[in-house]
Amino acid sequence: MRLVFPNPGLEERIPSHEDLERMEKEEAGDRPKWDNKAQYLLTCVGFCVGLGNVWRFPYLCQSHGGGAFMIPFLILLVLEGIPLLYLEFAIGQRLRKGSVGVWAAINPYLAGVGIASMAVSFLVGMYYNTIIAWVMWYFFNSFQSPLPWSQCPLNANLTDLVSECKRSSPVDYFWYRETLNTSDVIEESGGLQWWMVLCLVTAWTVLYICCIRGIETTGKAVYITSTLPYVVLTIFLIRGLTLKGSVEGIKFLFTPDLDELVNPSTWLDAGAQVFYSFSLAFGGLISFSSYNSVHNNCEQDAVIISIINGCTSVYAATVIYSIIGFRATEQFDACLNENIMMLLNAFDQPEGTITESNYDEMLQKFNSTGFGSEVLQGLSLNTCNLRTFLSDGVEGTGLAFIVFTEAITKMPISPLWSVLFFIMLFCLGLSTMFGSIEGVVVPLQDLKIFPKNFPKEVLTGIVCFSAFLIALIFALQSGNYWLALFDSYAGSVPLLIIAFCEMIAIVYLYGIDRFNEDIEFMIGHKPNLFWQVTWRVVSPLIVFVIFVFYFITKVTAKLTYITWNPNSANFPVLDTLPYPNWVYVIIFLLAGVPSLSIPGFALYKLFQRFCCKKTINKHELSTVSAKINMYDAPIKS
């Protein structure tokens, strides 16, 4: 017995297989199409493979047992990522609509799922493009030698180095003061930083130009934005492997600590990384797949893109840790050389007596005598441990704008490597933003908020300009704290709820049997047992478990944020402060409103039906994203 909830009027709301064939032959409708299969795959790869593959996955590997993290990551990629990716590709291709249109067609009360996806895409896109603006700022500053973050600037009197930089480091100073000009606390908003405003204007202008006509323009841009990062990664890998210590970094990354496999947080982080690295539940993948031919092999697409995504994460981690290994070795050598100089001076030894190779032997020799032991106790030698420097794991902006930029300053011809690195980040971010904009513009068309013939160029411009105006909050002195808040809550809980609703809607409202028949019609065979089991039970259960544990973790954790405060007694160590109480309102707006739009829109439709006596029919649910002739569609019982 199969459990399927009653869903009256479904046949009237969706095109039949005959309608789809007729649309394919007559080219009915006003939806654009991909020029070729490669363009579609590159667009999806660009949307899925983003900054998280470069700066979050390596950190998770390093902090969860190195190579051991690959085991839960690959298992959950197969059981969670690929099935949900296949589901979104298939339903978008079958119903030929954006996220709002797809879920409204399945059931009018589910339109809130598409609205939630649109809201999350808009919120995440705002701060994601701000990161692109930061990347552009560093890119513009890379065309000088020496790099501006390689040394501290002089003070106003030109008599000494700037105190704040002298007490911290050049890379920290350039990031927190020269780039962000960050305030001490989130309450001190400060004014707009004009250089960041200009970078934001540039970032949103470039994005608008690329998205001005939807896939007609983004489809051309992805030939560069989706392929160039792989070229740059390969160049960095070749260069990295020639640097001292790079192999140590790679070995440290992949050396497995199997004890981590019994740690629940390892599996939860692996599941969350799989989920977010595929850009699931944003709505962009549904829109992209709707532009395909009705008989496109979406199953093959899901598998190919999943393999590319997983391999890219591992490849990027290898590249990043080859450079981090070089940085750690440089730090270790500097630490050891400082100790050697102290020993040479303390024991009045000629230069060359103590070297890196015999350091431990000489230290033991000095320590074996009473006089030498007393001298060593008064020297306060540094503790130099290569693994300690390697385990100094950071993620996100800390990895890109502090750790990696510091490593670049130690490389020959550092401006060249800096330019290449930030070009790579720019392309990764921009190609992901294509999907975010698509996930907003198409649902707005489906909702008929704007007139039927409203130009898409103007609509895209309105979306980009509105996002830019709100994103100016990230150009304030407190902007970094606001971005961290958006990053923590805008794209977390809502996406898990949306994904869970998507799978339940397909299996138990649309009907898994109908879905299987649709896929057989589209690709020539029904999904096998693996897809059946994952769609019905395994994938929804994994997403639900991740949601529960994530929600409990967030609710029970004390809300804090990290600040850069030169006046702190612990400076340059970052301070951890509690958020002010009004932040709870912001968190509700970021995570609560998109999540509650799903039941909220359902209640609105229910109220509309019973209180306003308004009939919800197929004409109200038709969308501008799927114009086909349905007047003669057969009605099945």
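Residues numbered from 1 in each chain as written. Predicted model: local features only at pLDDT ≥ 70, side-chain atom pairs only at ≥ 80, totals over all residues. Heavy atoms only, no water.

Caption draft 1: Just the overall build of the protein chain, in detail. From N to C terminus, the protein chain includes 28 helices and two strands. Here the C-alpha atoms of the protein chain give a radius of gyration of 27 Å, agreeing with the 26 Å that 2.2 N^0.38 yields for 637 residues. Each principal axis of the C-alpha distribution contributes one length, and for the protein chain these read about 100 × 50 × 45 Å. Buried positions account for 56% of the 637 residues belonging to the protein chain. Within the protein chain, counting contacts between residues at least 6 apart in sequence, those at least 24 apart form 82% of the total. By element, 63% of the accessible surface of the protein chain is carried by carbon and sulfur atoms, the whole surface being about 26,700 Å². Side chains of the protein chain give 38 positive and 51 negative charges; the mean places of these two sets differ by 12 Å. (Helix = DSSP H or I, 4+ residues; strand = E, 2+ residues; numbered from the N terminus. Rg over C-alpha atoms; globule rule 2.2 N^0.38 Å. Buried < 20%, exposed > 50% of the residue type's maximum accessible area, 1.4 Å probe, protein only. Contact = heavy atoms within 4.5 Å. Areas by Shrake-Rupley, 256 points an atom, 1.4 Å probe, with all protein chains shown as cover. Lys, Arg positive; Asp, Glu negative; His and termini not counted. Charge placed at Lys NZ, Arg CZ, Asp CG, Glu CD.)

Caption draft 2: Structural view of the packing of helix 6 (residues 70-95) against helix 7 (residues 99-106). Where helix 6 meets helix 7, the closest approach of the two axes is 10 Å, and the angle between their N-to-C directions is 80°. Here helix 6 lies roughly perpendicular to helix 7, going by the angle between them. From helix 6, I91, G92 and L95 reach across to helix 7, where they touch V102, A105 and I106. Residues that form the contact of helix 6 with helix 7 fall into these classes: five nonpolar, one polar and no charged. (Axes fitted to C-alpha atoms, helices over the stretch in contact; angles between N-to-C directions. Parallel < 35°, antiparallel > 145°, perpendicular 65-115°, else oblique. Nonpolar A, V, L, I, M, F, W, Y, C, P; charged D, E, K, R; others polar.)

Caption draft 3: Region of interest: the environment of I307. Within the element layout of this structure, I307 appears in helix 17 (residues 298-346). Considered as a pair, I307 and V78 are 229 residues apart in the sequence and their alpha carbons are 9.7 Å apart.

Caption draft 4: Representation of the packing of aromatic side chains in the model. Inspection of the entire model under this criterion finds 50 aromatic pairs. With centroids separated by 5.2 Å and ring planes inclined at 80°, the aromatic side chains of Y138 and F174 adopt a geometry described as edge-to-face. Here the residue Y138 occupies a position in helix 8 (residues 111-140), and F174 occupies one in helix 10 (residues 170-179), the gap between them amounting to 36 residues. Taking the relative accessible area as the measure of exposure, Y138 reaches 0% and is therefore buried. For R514, the ring lying beneath its charged end belongs to Y510, and the centroid distance is 5.7 Å. When the ring centre of Y489 is taken as origin, the NZ or CZ atom of K554, which lies over that ring, is 5.0 Å away. (Phe/Tyr/Trp six-rings, centres within 6.5 Å; stacked < 30°, edge-to-face > 60°. Lys NZ or Arg CZ within 6 Å of the ring centre and 35° of its normal.)

Caption draft 5: Region of interest: the pattern of salt bridges. Summed over the entire model, instances satisfying the criterion amount to 13 salt bridges. For the salt bridge of D19 with R22, the shortest nitrogen-to-oxygen distance reads 2.6 Å. Pair noted here: D19 and R22 are both in helix 2 (residues 17-26), with a separation of three residues, about one helical turn. A residue is classified by how much of its surface remains accessible, and D19, at 3% relative accessible area, is buried. Judged by relative accessible area, R22 falls into the partly exposed class, the value being 24%. A salt bridge links R213 to E457, with the nearest nitrogen and oxygen atoms 2.4 Å apart. In this pair, R213 sits in the loop between helix 11 (194-211) and helix 12 (215-225) while E457 sits in helix 23 (residues 456-471), placing the two residues 244 residues apart along the sequence. (Salt bridge = Lys/Arg side-chain N within 4 Å of Asp/Glu carboxyl O.)

Caption draft 6: Here's a closer look at the state of the cysteines. According to the stated counting rule, one finds two disulfides in the structure shown. A disulfide bridge connects C152 with C165, and the sulfur atoms are separated by 1.9 Å. Here C152 and C165 share a disulfide; its torsion about the S-S bond, -85°, makes the bridge left-handed. Placement of the pair is C152 in the loop between helix 8 and helix 9 (163-166) and C165 in helix 9, with a sequence separation of 13 residues. Of the two residues, C152 and C165, both sit in the buried class. The partner cysteine of C335 in its disulfide is C384, sulfur to sulfur 1.9 Å. Judged by the sign of its S-S torsion, about -85°, the bond between C335 and C384 is left-handed. You can see C335 sitting in helix 17 and its partner C384 sitting in the loop between helix 19 (370-379) and helix 20 (386-390), a full 49 residues away along the chain. A relative accessible area of 9% places C335 in the buried class. (Disulfide = S-S within 2.5 Å.)

Caption draft 7: Just a nonpolar patch on the surface, in detail. There is a patch of nonpolar side chains on the surface, built from V537, L541, F544, V545 and F549 and spanning about 440 Å² of accessible area. With respect to the helices and strands, V545 occurs in helix 26 (residues 529-556). (Patch = residues over 30% accessible without salt bridge, like charges linked within 9 Å, V, L, I, M, F, W, Y side chains within 5 Å.)

Caption draft 8: Structural view of the nonpolar core. Counting residues in hydrophobic clusters, the biggest one holds 200 residues, and the most contacted among them are I106, W204 and F515. A total of 19 residues in this core trace back to one element, the largest contributor, which is helix 8. Discounting chain neighbours no more than four positions away, the residues touching I106 are N7, L10, R13, I91, L95, A505, I506, L509 and Y510. (Core = buried A, V, L, I, M, F, W, Y, C linked by side-chain atoms within 4.5 Å.)

Caption draft 9: Broad picture of the confidence of the model for the protein chain. In this model, the protein chain carries an average pLDDT of 88, and 94% of its residues clear a pLDDT of 70 or more. Element-level pLDDT for the protein chain is lowest in helix 28 (residues 618-621), with a mean of 42, against a maximum mean of 96 in helix 11. Within the model, the stretch residues 616-637 combines pLDDT values under 50 with 49 contacts to residues more than four positions away or in other chains. (pLDDT = per-residue confidence, 0-100.)

Caption draft 10: Spatial organisation of the side chain of Q193. Structurally, the position occupied by Q193 is in the loop between helix 10 and helix 11. Not counting chain neighbours up to four residues away, the residues in contact with Q193 comprise L180, N181, A475, L476 and Q477.

Caption draft 11: Quick peek at the packing of helix 24 (residues 479-489) against helix 27 (residues 583-610). In the contact formed by helix 24 and helix 27, the axes pass within 9 Å of each other and the chain directions differ by 45°. Here helix 24 is positioned oblique relative to helix 27, judged by the angle of their axes. Judged by the twist between their axes, the crossing of helix 24 over helix 27 is right-handed. Facing W482, L485, F486 and Y489 of helix 24, the residues of helix 27 in contact are V583, I586, I587, L590 and A591. Here the residues of the contact of helix 24 with helix 27 are counted per class, giving nine nonpolar, no polar and no charged. (Left-handed = near helix turned anticlockwise from the far one by under 90°.)

Caption draft 12: Region of interest: the environment of E520. Topologically, E520 is positioned in helix 25 (residues 493-523). With 225 residues separating them in the primary sequence, E520 and H295 have C-alpha atoms 9.6 Å apart. Setting aside chain neighbours within four positions, we find E520 in contact with H525 and K526.

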